[in-house]
Amino acid sequence: MGMCRFWLRQRVGTAINLVEGLNGEDHMALDARKGVWKSGKGKGRHTPKGRQLEDQPWAEVQELLGESRRDRDLLIEFLHLIQDKFGHLSAAHLRALAEEMRLSMAEIYEVASFYAHFDVVKEDEVPPPALTIRVCDSLSCELAGAQALQKALEDGLDASEVRVLRAPCMGRCDTAPVLEIGHNHIDHATPEKVHAAIAAQDIHAYIPDYQGFEAYTSSGGYTTLASVRDTGVFEDIQETLLTSGLRGLGGAGFPSGRKWGFVRAGEGPRYLAVNGDEGEPGTFKDRFYLEREPHVFLEGMLIAAWAVEAETCYIYMRDEYPAVLHILAQEIAALEQAGIVEPGYIDLRRGAGAYICGEESAMIESIEGKRGLPRHRPPFVANVGIFGRPTLVNNVETLYWVTKILREGGEILSGVEKNGRKGLRSFSVSGRVNNPGVHLLPAGSTMHDIIEACGGMLDGHSFKAYQPGGPSAGLLPASMADIPMDFDVLQEYGTFIGSAAIVVLSDHDSARDAALNMLRFFEDESCGQCTPCRVGCEKAVKLMQADTWDQPLLEELCTAMGDASICGLGQAAPNPIRMTMKHFPDEV
C-alpha cells in the first residue's frame, strides 16, 4: 500500500513539473518538438477517424426527412427519398443519414447495397446518368425479343446520358417486351417508342382509371367491414372462409382461416403484413386487381386486421409498381379522411428491387429496415414476425377474395367445380398465345382450357411446353396439358401451381434456353445468405451453357441445393434443370 502511494506521488510530481516547464518562458511549442509529439502515428488528427460529416449533405438529408421519426425500420424509406431526389446515394449523404438515424455507416451501407434499385456512389466514383432504362429479361420478354431490344438501345443511345440495364420481371408479361424508362413502363417496347419518350421527357408513371373511394362506397363498399366491426364473431368469419376453400394465393396455398386462428391465438401486440412483392416472373394478377379495384383489397385487409386484432397493417409493395404505390397512397389517405382508419394505421412500405423479399420472413426483415435475408424457421412469422410479434402475412389477392366471400358468400368459390376441383384461380398467362392477361377460370382448368380462354396459340405456333407457376415450377411438356391446374395436384409431377404464373412456349422456342433464363434469374436474385443457393445457382448457369449438359453433375448439384438451402428460392431453383432433363432430353 505504501509503495502504491509513493509511486502515485512520484507520477503526480512528474506531471506537475512537466506542466510548469511548459508554462515557462523558454519552453518549445509541442508541434516544434521532435519525436512522438509530432511524428507519432495518429497524433495531430483534427477529426475523428472515418468518413466525415459534411454540412451541406447533412442539411439536405434533414430537409428530406423532415419531421419523420428516425426509427430504424424507416431506413429503406429514407434511402428511397435520397435516391429519388439525387438519382443516387452518395457517400456523403449516406454518412449524413447515419448521423440522423444514429446508426453506423456499416449498417446503412449493407442495406443500401443489398437492393437493386439503390445506386451507391463512393467518393471516387462517377454517379450514374440522370436517366435509367431497365429492360425486362424475364422469360416472357425474352421470347418477345428483349435481348435484341436491349442491344439496340445500348447501341443507339449515349451511355453518358442514358443508362441501359437488364432487369427482372416487372409484372407486365402480357405486354412483352417491356421496359421502364424512369418510372414510365413502355409496353410492347421498341427503340422508336423509347426515343420518343426520351424526347418528350415522358418518364413518369401513368395512373390507370380505377374505382376510387367514393365510387366504391356508393356501391356498398365497407359495409361488410362495418358489420364485422359492429357484430362480427371471429369463429363465424373463420368458418366462412374455411368452408369457402380460400387458400393463400401467393403460392403456398395454406388455408387462410386457419392461419388467422394461429395469429389471433398469439399474445399481443399483433401485426398484419400484406405481401405485395409480386416478383415471381410471369405473375401480374395482384397488379391487375390493384389497378382496378384497390378498395376490394383494402376492405379485405381491414377485415383480416380486425380478425387478428392487428395493431398496425403494413403493405409491402414492390417498387416496380409505381402506379399501384400512387393509387394505394391516395386511397389510404381517403380512408383516413373518412375516419375508417386512424392516421398511420395502414403503413405503406416500398420495396427496392429484391425478389427474395417475396419470401415472408425476408419481407419482414425489409419492413424492419434491414437486408431481405430469409429467417431460419422455426419460429414461424405467425408467432415471431414484425418486431418479434405474431404477424399475419397474406397475399394481395387472398385479401381481395376475403371481401368477395364475406359479401357474396363462400359459394362464389366453393360452388364452382371442374375436374373434381373446387374454386376459382386468377391465371396470369403470357407467352405464345393470342390474348395474354389475367384470366379468372375454375381451379380445375387444364392447359387446354387456359389456352382456349386466351384465344388459342399465335398463328404459326404449335404448343410445345408451359411453365405452370413461374420459374420455380420449371417446365412441363404439351403432352401433360390435361392436368388440373390447382393446389395439391402438380406435386406428383415434381412441380406446383404456385402463383399460377403460366408462360406458354411453342415449337419456335427452346426448353433448354428457357431453363437457362430461369437459372440466370435465380443467380441474380439469390440473397447470398447460404452457400448452396448462392454458389449452386452460379455453378448451374455455367454448367447449363455447355453444349451437352453434364447431367449426373447437375443432378448432384440440384440435390445439394434442394437439401441444404435455407428458403424456397434455393430449394426450388433446381426444378427447371430437373424437368428439362426429364421432359426434353433431346435438347440437353
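Source: prediction; values computed, not measured.

Participant: Describe the packing of aromatic side chains, and please don't skip the residues or the numbers.
Facilitator: Across all of its chains, the model carries 14 aromatic pairs by this definition. For the pair Phe213 and Tyr222, a centre-to-centre distance of 6.1 Å together with 40° between the ring planes defines the contact as tilted. By the burial criterion, Phe213 is buried, and Tyr222 matches it. Note on Tyr400 and Trp401: the rings are 5.8 Å apart at their centroids and 85° apart in plane angle, and the pair reads as edge-to-face. Taking relative accessible area as the criterion, Tyr400 reaches 5% and is therefore assigned buried. Among the aromatic residues, those joined into a cluster by ring pairs are Phe288, Tyr289, Tyr400 and Trp401. One residue, Arg258, lies across the ring of Phe254, its end atom 5.7 Å from the ring centre. Here the guanidinium or amino end of Arg425 rests over the ring plane of Phe487, the centre of that ring lying 4.4 Å away.

Participant: Outline the packing of helix H4 (residues 75-86) against helix H5 (residues 91-101), supporting the account with residue identities and numerical values.
Facilitator: Contact pair H4 / H5: the axes reach a minimum separation of 11 Å and the direction vectors enclose 145°. The hand of the H4/H5 crossing is right-handed. Along the contact surface, H4 presents Leu75, Phe78, Leu79, Ile82 and Phe86, while H5 presents His93, Leu94, Leu97 and Met101. Here the residues of the contact of H4 with H5 sort into eight nonpolar, one polar and no charged.

Participant: If you had to explain the nonpolar core to someone new, which residues and values would you point to?
Facilitator: Ranked by size, the top nonpolar core spans 76 residues in total, and within it Trp260, Phe297, Met301, Leu302 and Ile315 carry the most contacts. With ten residues, helix H15 (residues 294-308) is the largest single contributor of residues to this core. Look past the residues within four positions of Trp260 in its chain and what remains in contact with it is Phe234, Ile237, Leu241, Ile303, Ala304, Ala307, Val308, Leu392, Asn394 and Val402. Judged by nonpolar contacts, the second largest core, of 60 residues, contains Val111, Leu373, Ile386 and Val588.

Participant: Please give an account of H15 that cites residues and values.
Facilitator: Along an α-helix, residues three or four positions apart point the same way, because every turn accommodates 3.6 residues. For H15, with 15 residues, the first-to-last C-alpha span of 22 Å sits near the 21 Å given by 1.5 Å per residue. By the criterion of burial, H15 is predominantly enclosed, with 14 of the 15 residues buried.

Participant: Tell me about the state of the cysteines, and please be specific about residues and values.
Facilitator: Going through the model one piece at a time under the given rule, you end up with zero disulfides. Here Cys567 is not cross-linked by a disulfide; its sulfur's nearest cysteine counterpart is in Cys527, at 6.2 Å.

Participant: Outline the pairing of strand S17 (residues 501-506), supporting the account with residue identities and numerical values.
Facilitator: Among the six residues that make up S17, six are buried, leaving the element largely enclosed by the rest of the structure. Burial along S17 is two-sided: the residues Ala501, Val503 and Leu505 and Ile502, Val504 and Ser506 are all buried. Note: strand S13 (residues 424-431) against S17, four bridges, orientation parallel. When the sheet's bridge partners are listed, Gly431 is paired in S17 with Val504. Two strands pair when backbone bridges link them, and strand S15 (residues 463-467) and S17 are joined in this way by four bridges, in the antiparallel orientation. Residue pairing for S17: Tyr466 is matched across the bridge by Val504.

Participant: An account of the sheet that holds strand S9 (residues 346-350) is requested, with residue identities and associated values reported.
Facilitator: Pairing is parallel in the open sheet, where four strands are placed in the order S9-S8-S7-S10. In the strand order of this sheet, the two ends are held by S9 and strand S10 (391-395), each with one partner. Sheet twist, expressed as the average angle between the axes of neighbouring strands with direction ignored, equals 20°. Direction of pairing for strand S8 (residues 310-317) relative to S9: parallel, over a ladder of five bridges. Bridge pairing in S9 places Ile315 opposite Leu348. Helix H13 (residues 256-264) rests against strand S7 (270-276) and S10 of the sheet, and its axis sits at about 160° to S10.

Participant: Explain the side chain of Arg350 to me, and be specific about the residues and the numbers.
Facilitator: Among the structural elements, Arg350 can be located in strand S9. Within the local environment of Arg350, its side chain forms a polar contact with the side chain of His80, the two groups lying 3.4 Å apart. In terms of polar contacts, Arg350 uses its side chain to reach the side chain of Asp84, at 2.8 Å. Excluding residues that lie within four positions of it along the chain, Arg350 makes contacts with Ile76, Glu77, His80, Asp84, His183, Met317, Asp319 and Leu325.

Participant: Kindly report on the packing of helix H22 (residues 531-544) against helix H23 (residues 551-564), identifying the contributing residues and their values.
Facilitator: Between H22 and H23, whose axes approach to 10 Å, the crossing angle comes to 160°. Between H22 and H23, the crossing angle belongs to the class labelled roughly antiparallel. Here the hand of the crossing between H22 and H23 comes out left-handed. Taking contact as the criterion, the partners of Pro532, Gly536, Cys537, Lys539, Ala540, Leu543 and Met544 in H22 are, on H23, Leu553, Leu554, Leu557, Ala560, Met561 and Ala564. Along the lines of polarity and charge, the residues of the contact of H22 with H23 split into eleven nonpolar, one polar and one charged.

Participant: I'd like a description of the environment of Ala215, backed by residues and values.
Facilitator: With respect to the helices and strands, Ala215 occurs in helix H10 (residues 213-218). In this structure, the C-alpha to C-alpha distance between Ala215 and Asn434, residues 219 residues apart in sequence, is 33 Å.

Participant: Could you give me a rundown of the pairing of S8, with the residues and numbers involved?
Facilitator: Of all eight residues making up S8, seven are buried, and the element is well covered by its neighbours. Direction of pairing for S7 relative to S8: parallel, over a ladder of seven bridges. Opposite Val274, over in S8, you have Ile315 as the bridge partner. As a crossover connection, the stretch from S8 through helix H16 (residues 322-337) into S9 is right-handed.

Participant: Summarise the sheet that holds strand S4 (residues 162-167); cite the residues concerned and give the values.
Facilitator: Spatial ordering of the open sheet is given by S4-S3-S5-S6, a layout of four strands whose pairing is mixed. Edge positions in the open sheet fall to S4 and strand S6 (184-186), since each of these has one partner strand only. Along the sheet, successive strands turn relative to each other by an average axial angle of 25°, direction set aside. Relative to S6, strand S5 (residues 179-181) is paired through three bridges, and the arrangement is antiparallel. Looking at S6, one finds that Leu179 is bridged to Ile186.

Here is what the cut-offs are and how they apply
- What you see as residue numbers is a count from 1 along each chain, following the sequence as written.
- Reporting of local features is limited, given that this is a predicted model, to residues whose pLDDT is at least 70; pairs of side-chain atoms are given and counted only at 80 or more, and all residues count toward the totals for whole chains, interfaces and linings.
- For the side-chain quantities, the full set of heavy atoms in the structure was used; hydrogens and water were omitted.
- Here the aromatic set is Phe, Tyr and Trp, taking the six-membered ring for Trp, and pairing holds for ring centres within 6.5 Å; pairs whose planes are under 30 degrees apart are stacked, those over 60 apart are edge-to-face, and all others are tilted.
- The buried label applies to any residue whose accessible area, calculated with a 1.4 Å probe on protein chains only, is under 20% of its type's maximum; exposed applies above 50%, and partly exposed to all values in between.
- Working rule: Lys NZ or Arg CZ, within 6 Å of ring centre, within 35 degrees of ring normal, means a charge sits over the ring.
- Angles here are taken between N-to-C directions and fall from 0 to 180 degrees, while the axes themselves are lines fitted to C-alpha atoms, restricted in helices to the stretch in contact.
- The way it works is that DSSP assigns letters per residue, a run of H or I at least four long becomes a helix, a run of E at least two long becomes a strand, and they are numbered from the N terminus.
- By definition, turning the near helix anticlockwise from the far helix through less than a right angle yields a left-handed crossing, and turning it clockwise yields a right-handed one.
- Contacts were defined at the residue level, with two residues in contact if any of their heavy atoms lie within 4.5 Å.
- Basically, the charged four are Asp, Glu, Lys and Arg, the nonpolar ten are Ala, Val, Leu, Ile, Met, Phe, Trp, Tyr, Cys and Pro, and anything else, Gly included, counts as polar.
- For our purposes a nonpolar core is just a set of buried Ala, Val, Leu, Ile, Met, Phe, Trp, Tyr and Cys residues, chained together by side-chain atoms within 4.5 Å.
- To estimate how far a helix should extend, the number of its residues minus one is multiplied by 1.5 Å.
- Sulfur atoms of two cysteines make up a disulfide when they are within 2.5 Å.
- Here the rule is simple: two strands pair whenever DSSP picks up at least two bridges between them.
- Identification of polar contacts relies on pairs of N or O atoms within 3.5 Å, with a donor-acceptor requirement for protein atoms, meaning one able to donate a hydrogen and the other able to accept it, and with residues adjacent in sequence counted only if both atoms are side-chain atoms.
- Any angle that falls under 35 degrees is termed roughly parallel, while one over 145 is termed roughly antiparallel, one within 65 to 115 roughly perpendicular, and all others oblique.
- Seen with its strands pointing away from the viewer, a crossover is right-handed when the path leading from the first strand over the helix to the second is clockwise.

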